[in-house]
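# Summary of the model geometry
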Amino acid sequence: MDYDEAATYWIQKDRDSVHMNELLLKNKIEQFITAHNTCALATACDGFVRCTPIEYNYIGGFFYLFSEGGLKFKALKENKHVAFAIYEPYGGFGKLKGLQVTGNAEIVEPFSGEYLKLLEYKKIPLEAMKKLPQPMHLIKIVPKSYDYLDSELKKESLASRQHVDL
């Protein structure tokens, strides 16, 4: 197995691909993000990997994820780099649609202004959150790049995979 060759497959393919206008691509990606609310969040550190299905909220270009806790925080303690995928159910090889996001995670201080804005956005009463044994953790993800896959783009003579760095 030539792992290096396999790892560079999309990089090489992108060199000859027809790319979408960046503004149009970002708009299409944002529409995809806002049409969904669940992702598979991958975190890792020192040989430990965790992939967690979790709800997100997309606000102002950032992803916010409330969590009671879990092993993802073991990795986040050491490594703030994350990746996650949002995708449509598999409908066949010619009907693929999904988004891979890479970025950096931050933990938002409980009951800070940003935290309170998310509670309000999600219509979670502050008093209900304060009654919990411990406040929910709020992860903020600052995206750094998107890899968008949409088989339908071929109908527009575009590559089915589009990449954008932010």
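These lines cover the structure that appears in this document, whether it is placed above or below. (Residues numbered from 1 in each chain as written. Predicted model: local features only at pLDDT ≥ 70, side-chain atom pairs only at ≥ 80, totals over all residues. Heavy atoms only, no water.)

Inspection of the sheet shows strand S1 (residues 38–45) paired to strand S2 (residues 48–55) by eight bridges, in the antiparallel sense. The residue of S2 that forms the bridge with Cys 45 is Phe 48. (Pairing = 2+ DSSP bridges. Helix = DSSP H or I, 4+ residues; strand = E, 2+ residues; numbered from the N terminus.)

What follows deals with helix H3 (residues 22–34). Counting along an α-helix, one turn takes 3.6 residues, and residues three or four places apart therefore face a common direction. With 13 residues, H3 should reach 18 Å at 1.5 Å per residue; the first-to-last C-alpha distance of 18 Å fits that figure. For H3, the complete set of buried residues consists of Leu 25, Ile 29, Phe 32 and Ile 33. The buried residues of H3 occupy one face: seen down the axis, they fall within an arc of 100°. Turned more than 90 degrees from where H3 packs its buried face, Leu 23, Leu 24, Gln 31 and Thr 34 sit exposed. Summarising the contacts, the buried residues of H3 are in contact with strand S3 (57–59), strand S4 (62–67), strand S5 (81–87), strand S6 (97–108), strand S7 (137–150) and strand S8 (161–165). Sitting at the head of H3, Asn 21 places a side-chain oxygen 2.9 Å from the backbone nitrogen of Leu 23. (Expected span 1.5 Å × (residues − 1). Buried < 20%, exposed > 50% of the residue type's maximum accessible area, 1.4 Å probe, protein only. Arc of directions from axis to C-beta. Contact = heavy atoms within 4.5 Å. Polar contact = N/O pair within 3.5 Å; in protein donor to acceptor, adjacent residues only side chain to side chain.)

Note on placement: Thr 34 falls in helix H3. For the pair Thr 34 and Tyr 58, spaced 24 residues apart in the sequence, the C-alpha separation amounts to 6.8 Å. One polar contact links the side chain of Thr 34 to the main-chain carbonyl oxygen of Gln 31, over a distance of 3.2 Å.

Moving on to unusual backbone geometry. Unusually for a residue other than glycine, Lys 123 sits at a positive phi of about 60°. Considering the arrangement of structural elements, one finds Lys 123 in the loop between helix H5 (113–121) and helix H6 (126–130). Look at Ser 157: it is not a glycine, yet its phi comes out positive at around 60°. Within the secondary structure, Ser 157 sits in the loop between S7 and S8.

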